[in-house]
Amino acid sequence: MRILIVEDNALVGTGLQSALSTSGFDVAWVKDGESALTGLARETFAAMVLDLGLPGMSGMEVLRQVRADGSKIPVLILTARDSTQDKVSGLNSGADDFLNKTTDIEELVARLRALIRRSGQDGTYTFGDLKLNLDARTASQKNEPLSLSKREFDILTVLITHAGQIVTRRQLEQAVYGMDRHLESNSIEVHIHNLRAKIAGLTLKTIRGVGYSLSQQS
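Colleague: Could you give an account of the sheet that holds strand β6 (residues 124-127), with specific residues and numbers?
Modeller: Taking strand neighbours across the sheet as the criterion, the 4 strands line up as β6-β7-β8-β9 in an open arrangement whose pairing is antiparallel. Strands with a single pairing partner mark the edges of an open sheet, and in this sheet they are β6 and β9 (144-145). With 2 bridges connecting them, strand β8 (residues 138-141) and β9 associate as antiparallel partners. Paired with Ser-140 across the bridge in β9 is Pro-145. On the sheet, helix α6 (residues 150-161) packs against β6, β7 (130-133) and β8 and is oriented at approximately 115° with respect to β7.

Colleague: Please set out the sheet that holds strand β4 (residues 75-79) residue by residue, giving values where relevant.
Modeller: Across the sheet, 5 strands lie side by side as β2-β1-β3-β4-β5; this open sheet has parallel pairing. Of all strands in the sheet, those with a lone pairing partner are β2 (26-30) and β5 (97-100), marking the two edges. The average undirected angle you get between the axes of adjacent strands in this sheet is 20°. Bridge count for strand β1 (residues 2-6) against strand β3 (residues 47-50) is 4 bridges, and the pairing is parallel. When the sheet's bridge partners are listed, Val-6 is paired in β3 with Leu-50.

Colleague: Which residues make up the pattern of salt bridges, and what are the values?
Modeller: For the structure shown, the criterion picks out 12 salt bridges. With its nearest N and O atoms 3.0 Å apart, the salt bridge here joins Asp-96 to Arg-67. Taken together, the residues span a long stretch of sequence, with Asp-96 in the loop between α4 (84-92) and β5 and Arg-67 in helix α3 (residues 59-68) at a distance of 29 residues. What makes Arg-67 partly exposed here is its relative accessible area of 22%.

Colleague: If you had to explain the nonpolar core to someone new, which residues and values would you point to?
Modeller: Counting residues in each nonpolar core, the largest one holds 26 residues, and the members touching the most others are Ile-155, Leu-159, Leu-172 and Ile-192. If you list the elements that add at least two residues to this core, you get β6, β7, α6, α7 (169-177), α8 (187-198), β11 (202-207) and β12 (211-216). It is α6 that provides the largest number of residues to this core, a total of 6 residues. Setting aside chain neighbours within four positions, we find Leu-159 in contact with Val-167, Ile-192, Leu-204, Tyr-212 and Leu-214.

Rules of the game
Residues numbered from 1 in each chain as written. Predicted model: local features only at pLDDT ≥ 70, side-chain atom pairs only at ≥ 80, totals over all residues. Heavy atoms only, no water. Pairing = 2+ DSSP bridges. Helix = DSSP H or I, 4+ residues; strand = E, 2+ residues; numbered from the N terminus. Contact = heavy atoms within 4.5 Å. Axes fitted to C-alpha atoms, helices over the stretch in contact; angles between N-to-C directions. Salt bridge = Lys/Arg side-chain N within 4 Å of Asp/Glu carboxyl O. Buried < 20%, exposed > 50% of the residue type's maximum accessible area, 1.4 Å probe, protein only. Core = buried A, V, L, I, M, F, W, Y, C linked by side-chain atoms within 4.5 Å.

And the structure:
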């Protein structure tokens, strides 16, 4: 699912892009309102994460223009502002949700997926005979349910949304444990080992010193 981030702060934008990409989204990031409107005119996005304090055209102006153009794209305002008036103005201008920048990334991801689901877009990914439903958090292979732990599901989500690519260990750690949580040094390896035992007909390779890659057997 393609997501547009509109955020002028480089540190925040980089963090959001990394975290949402790790969570399975295809992320585009722009730093001002004009670029956001241009991007929306050229591409189709499942949702937009919008900062209010943008240079030039404010986030609120972007939101009003988007709605004036007739777009129904789900918009989640993510801002340092948290007054009741800011929330009311944002929602009245057409925002679908409003979060403060101190919000945990896991909640942000959950809110985004809820907005996308309510908009009628499908949160299902398939790779070969493997299928994941990110909204229902269910997995199946050859139409048979797979019994996965929460951690295994999170890791498989990253792998299947980056199928054929190398996923770094750090990406998997962020997806499973967040940015700053302590974890045992071999915990990712344990989950990978368990996934290999549960998934048939697919190859889950270890790229030594780099990460992992999911591919179909030739």
